[in-house]
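If you want the building blocks of each chain, they are given just below.
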Amino acid sequence: LSTLRLNEFQDIRVDEGRILIRKLLSHSSMVDMKSVLYELTLNVMMRMISGKRYFGGDIPEVEEEGKRFRAILSETFLLSVAANVGDYLPFLSWFGVKGLQNKLNALKEKRDVFFQGLIEHIRKSKGENSKKTMIEVLLSLQESDPEYYTDEMLRSFVLVRSSFCFCIT
């Protein structure tokens, strides 16, 4: 995330800006700018992280993956601001009141499956891009120090970066 590394991805930002302008010019009716800017931000971040666009494309499988990703981010945001009754009344956990905890565990599983699939996809197609994505850099670091750069650490790193993008929008 150094300035030099971010500057290397300037072409991604320019490309996504062009796509946004074309999209806006092609619509003759009103456009929901919040969703358009949301997609722009997510596409820029995810292209820097994984090399893939998730929104506004014509490929159905990528759009489906984008919907899954957006649902995970939305659920993450909603559950992060939810109040846990067990925090205020801890004795309720003795009676099995663990609704929020169960939802958080299910969300963690969804995120882990999604991001592990993303890491595995990039691991298999390593070296196809001319520019190294953030995950490719982390995978190369994993080769040199596998005990520190575990897949769990890589998933966490990608999650934090993509969640940061979601919070900005």
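Everything in this summary refers to the structure shown in the same document.

Definitions and cut-offs
Residues numbered from 1 in each chain as written. Predicted model: local features only at pLDDT ≥ 70, side-chain atom pairs only at ≥ 80, totals over all residues. Heavy atoms only, no water. Core = buried A, V, L, I, M, F, W, Y, C linked by side-chain atoms within 4.5 Å. Buried < 20%, exposed > 50% of the residue type's maximum accessible area, 1.4 Å probe, protein only. Helix = DSSP H or I, 4+ residues; strand = E, 2+ residues; numbered from the N terminus. Contact = heavy atoms within 4.5 Å. Patch = residues over 30% accessible without salt bridge, like charges linked within 9 Å, V, L, I, M, F, W, Y side chains within 5 Å. Areas by Shrake-Rupley, 256 points an atom, 1.4 Å probe, with all protein chains shown as cover. Salt bridge = Lys/Arg side-chain N within 4 Å of Asp/Glu carboxyl O. Expected span 1.5 Å × (residues − 1). Arc of directions from axis to C-beta. Polar contact = N/O pair within 3.5 Å; in protein donor to acceptor, adjacent residues only side chain to side chain. Phe/Tyr/Trp six-rings, centres within 6.5 Å; stacked < 30°, edge-to-face > 60°.

1. Focus on the nonpolar core
Core analysis: the largest hydrophobic core is formed by 26 residues, its most contacted members being Ile49, Phe69, Phe115, Leu118 and Ile135. When contributions to this core are tallied by element, the ones reaching two or more residues are helix H3 (33-49), helix H4 (60-80), helix H6 (99-124), helix H7 (134-144) and helix H8 (151-168). Excluding residues that lie within four positions of it along the chain, Phe69 makes contacts with Leu42, Met46, Phe55, Phe114, Phe115 and Ser162.

2. Considerations on a nonpolar patch on the surface
On the surface, Phe77, Leu78 and Val81 cluster together to form a nonpolar patch covering roughly 310 Å² of accessible area. In this structure, Leu78 sits in helix H4. Relative accessible area serves as the criterion here: at 57%, Leu78 is assigned to the exposed category.

3. Observations regarding helix H2 (residues 10-26)
When the terminal C-alpha atoms of H2 are compared, their 24 Å separation across 17 residues agrees well with the 24 Å that a helix rising 1.5 Å per residue should span. Considered for burial, the residues of H2 that qualify are Ile12, Glu16 and Leu20. Considered in projection along H2, the buried side chains sweep an arc of 70° and stay on one side of the axis. Along H2, the residues that are exposed and aim more than 90 degrees away from the buried face are Arg22, Leu25 and Ser26. Summarising the contacts, the buried residues of H2 are in contact with H3.

4. Concerning the side chain of Glu65
With respect to the secondary-structure elements, Glu65 resides in helix H4. Among the polar contacts made by the side chain of Glu65, one reaches the side chain of Lys52 at a distance of 2.9 Å. If sequence neighbours within four positions are ignored, Glu65 has contacts with Lys52, Tyr54 and Phe114.

5. Focus: the side chain of Glu39
With respect to the helices and strands, the residue Glu39 is situated in helix H3. Using a relative accessible area of 16% as the deciding quantity, one classes Glu39 as buried. Contact partners of Glu39, with chain neighbours within four places excluded, come to Lys23, Phe55, Gly56 and Arg70.

6. Considering the pattern of salt bridges
Evaluated as defined, the whole model comprises 11 salt bridges. Across the pair Glu39 and Lys23 runs a salt bridge whose closest N-O atoms are separated by 2.9 Å. Taken together, the positions of Glu39 in helix H3 and Lys23 in helix H2 put the pair 16 residues apart, joining distant regions of the chain. Taking relative accessible area as the criterion, Lys23 reaches 28% and is therefore assigned partly exposed. Its salt-bridge partner being Lys52, residue Glu65 comes within 2.9 Å of it at the nearest N-O pair. With a gap of 13 residues between them, Glu65 in helix H4 and Lys52 in the loop between H3 and H4 connect regions that are remote in the sequence. Accessibility classification places Glu65 together with Lys52 in one group, the buried group. It is possible to trace a salt-bridge network through shared partners that takes in Asp15, Glu16, Arg47 and Arg53.

7. Concerning the packing of aromatic side chains
In the structure shown here, the tally under the stated rule is 7 aromatic pairs. Relative to Phe55, the ring of Tyr38 lies with its centre 6.4 Å away and its plane at 45°, an arrangement referred to as tilted. Pair noted here: Tyr38 is in helix H3 and Phe55 is in the loop between H3 and H4, with a separation of 17 residues, a long-range link. As far as the burial class goes, Tyr38 and Phe55 line up, both buried. In textbook terms, an aromatic cluster arises when at least three aromatic residues are bridged by ring pairs, as seen for Tyr54, Phe69, Phe114 and Phe115.

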